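Residue-level listing of the chains:
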Amino acid sequence: TVVTLTATPTSPSNFDGWSGGGCSGTGTCTITMSAAKSVTATFTGQEPCPTIIRWKGEYWANTSLSGPVALCRDDQTVEMDWEYGSPDPIIPPESFSARWTRSLEFTTGSYIFHLGHDDGARLFIDDALKIDAWTTCCVSDTVQVQLQAGQHIIRLEMFESGGAANIELWWE
């Protein structure tokens, strides 16, 4: 009997490879079963996000929001001023990025979203880009958005490339 094993990691884990049973590498593992065999799939990565009840904060140790998430946490607000530090000791104080996501209930109306940031930032509402300030240094941006009553997904992304680091989002 031939058995093919496939390892599929869940984000943000990585599949590092097979061992035992004649399998190696990171592709599929095909073994012929003529007797009992033991095969191990090795995964590494961060524990999954905790239960999120406010802002889902995801942090990367690079400026491009790429690769495995280094830190995921439930942030109470998006009003951070790390000065010359970082969100957590596992994140470098220079060259990091972050994403916050939250579903919020709005009533029908016109809202002004305010975004203060150092360095770059982008604001999405229901996956539509509303503020695109993916540049360095310190700025404040605003955008007026008409929303219908109901749940809306707010997503904020930022990167820090050097110097002070801060981000703040609010609306009226």
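Note: the structure precedes this text.
These numbers were taken from a predicted model, which means no experiment stands behind them. (Residues numbered from 1 in each chain as written. Predicted model: local features only at pLDDT ≥ 70, side-chain atom pairs only at ≥ 80, totals over all residues. Heavy atoms only, no water.)

### A look at the overall build of the protein chain
Then comes step 1: Per the secondary structure count, the protein chain includes zero helices and 14 strands.
Then comes step 2: Start at the N end of the protein chain and walk to the C end: the helices and strands fall as β-β-β-β-β-β-β-β-β-β-β-β-β-β.
Then comes step 3: A compact globule built from 172 residues should have a C-alpha radius of gyration of about 16 Å, whereas the protein chain, at 21 Å, is more than 25% larger.
Then comes step 4: Across its three principal axes, the protein chain shows a C-alpha extent of roughly 70 × 40 × 25 Å.
Then comes step 5: The buried share among the 172 residues of the protein chain stands at 36%.
Then comes step 6: Long-range pairs, those at least 24 residues apart, make up 64% of the contacts in the protein chain with a sequence separation of at least 6.
Then comes step 7: Computed over 9 positive and 21 negative side-chain charges, the separation of the two mean positions in the protein chain equals 10 Å. (Helix = DSSP H or I, 4+ residues; strand = E, 2+ residues; numbered from the N terminus. Rg over C-alpha atoms; globule rule 2.2 N^0.38 Å. Buried < 20%, exposed > 50% of the residue type's maximum accessible area, 1.4 Å probe, protein only. Contact = heavy atoms within 4.5 Å. Lys, Arg positive; Asp, Glu negative; His and termini not counted. Charge placed at Lys NZ, Arg CZ, Asp CG, Glu CD.)

### Things to note about the sheet that holds strand E9 (residues 109-118)
Then comes step 1: Sheet architecture is open: four strands sit in the order E7-E14-E9-E12, paired in antiparallel fashion. Two strands bound the open sheet, and with one partner strand each, they are strand E7 (79-83) and strand E12 (138-147). Neighbouring strand axes in the sheet, compared pairwise and without regard to direction, differ in orientation by 15° on average.
Then comes step 2: Strand direction decides the pairing type here: E7 and strand E14 (residues 165-171), joined by four bridges, are antiparallel. Looking at the pairing, Asp81 lines up with Asn166 of E14. (Pairing = 2+ DSSP bridges. Axes fitted to C-alpha atoms, helices over the stretch in contact; angles between N-to-C directions.)

### Remarks on the nonpolar core
Then comes step 1: Membership of the largest hydrophobic core comes to 29 residues, with the highest contact counts inside it found for Trp82, Trp100, Phe113, Ile154 and Ile167.
Then comes step 2: A per-element tally of this core places strand E8 (residues 96-106) first, with five residues.
Then comes step 3: Setting aside residues no more than four positions away along its own chain, Trp82 makes contact with Tyr59, Pro87, Phe96, Trp100, Met158, Ala165, Asn166 and Ile167.
Then comes step 4: In terms of nonpolar packing, the next biggest core, distinct from the first, is built from six residues, Phe15, Trp18, Cys23 and Cys29 among them. (Core = buried A, V, L, I, M, F, W, Y, C linked by side-chain atoms within 4.5 Å.)

### Considerations on the state of the cysteines
Then comes step 1: As enumerated under the stated definition, the model contains two disulfides in all.
Then comes step 2: Disulfide pairing places Cys23 opposite Cys29 at an S-S distance of 1.6 Å. Across the S-S bond of Cys23 and Cys29 the torsion is about 60°, and the bridge reads as right-handed. Side by side, Cys23 and Cys29 carry an identical accessibility label, which is buried.
Then comes step 3: Covalently, Cys49 is tied to Cys72 through a disulfide, its sulfur atoms 1.7 Å apart. Its S-S torsion of approximately 100° makes the covalent link between Cys49 and Cys72 right-handed. Here the residue Cys49 occupies a position in the loop between strand E4 (40-44) and strand E5 (55-60), and Cys72 occupies one in strand E6 (residues 71-75), the gap between them amounting to 23 residues.
Then comes step 4: Take Cys49: its relative accessible area is 31%, and that puts it in the partly exposed class. (Disulfide = S-S within 2.5 Å.)

### Quick look at the sheet that holds strand E11 (residues 128-133)
Then comes step 1: Here six strands make up an open sheet; going across it, the order is E6-E5-E8-E13-E10-E11 and the pairing antiparallel. Across the chains shown, the open sheet's two edge strands, defined by having one partner strand only, are E6 and E11. Pairwise comparison of adjacent strand axes, ignoring direction, gives a mean angle of 15° for this sheet.

### Topic: the pattern of salt bridges
Then comes step 1: As enumerated under the stated definition, the model contains eight salt bridges in all.
Then comes step 2: Residue Glu58 pairs with Lys56 through a salt bridge whose shortest N-O separation is 3.9 Å.
Then comes step 3: Lys56 gets classed as partly exposed once you look at its relative accessible area, which sits at 28%.
Then comes step 4: Glu157 is the salt-bridge partner of Arg155, the closest N and O atoms lying 3.3 Å from each other.
Then comes step 5: What makes Arg155 buried here is its relative accessible area of 19%.
Then comes step 6: The class of Glu157 is buried, set by a relative accessible area of 5%.
Then comes step 7: Counted as one network, the salt bridges with shared partners bring together Lys56, Glu58, Arg99, Arg122, Asp127, Arg155 and Glu157. (Salt bridge = Lys/Arg side-chain N within 4 Å of Asp/Glu carboxyl O.)

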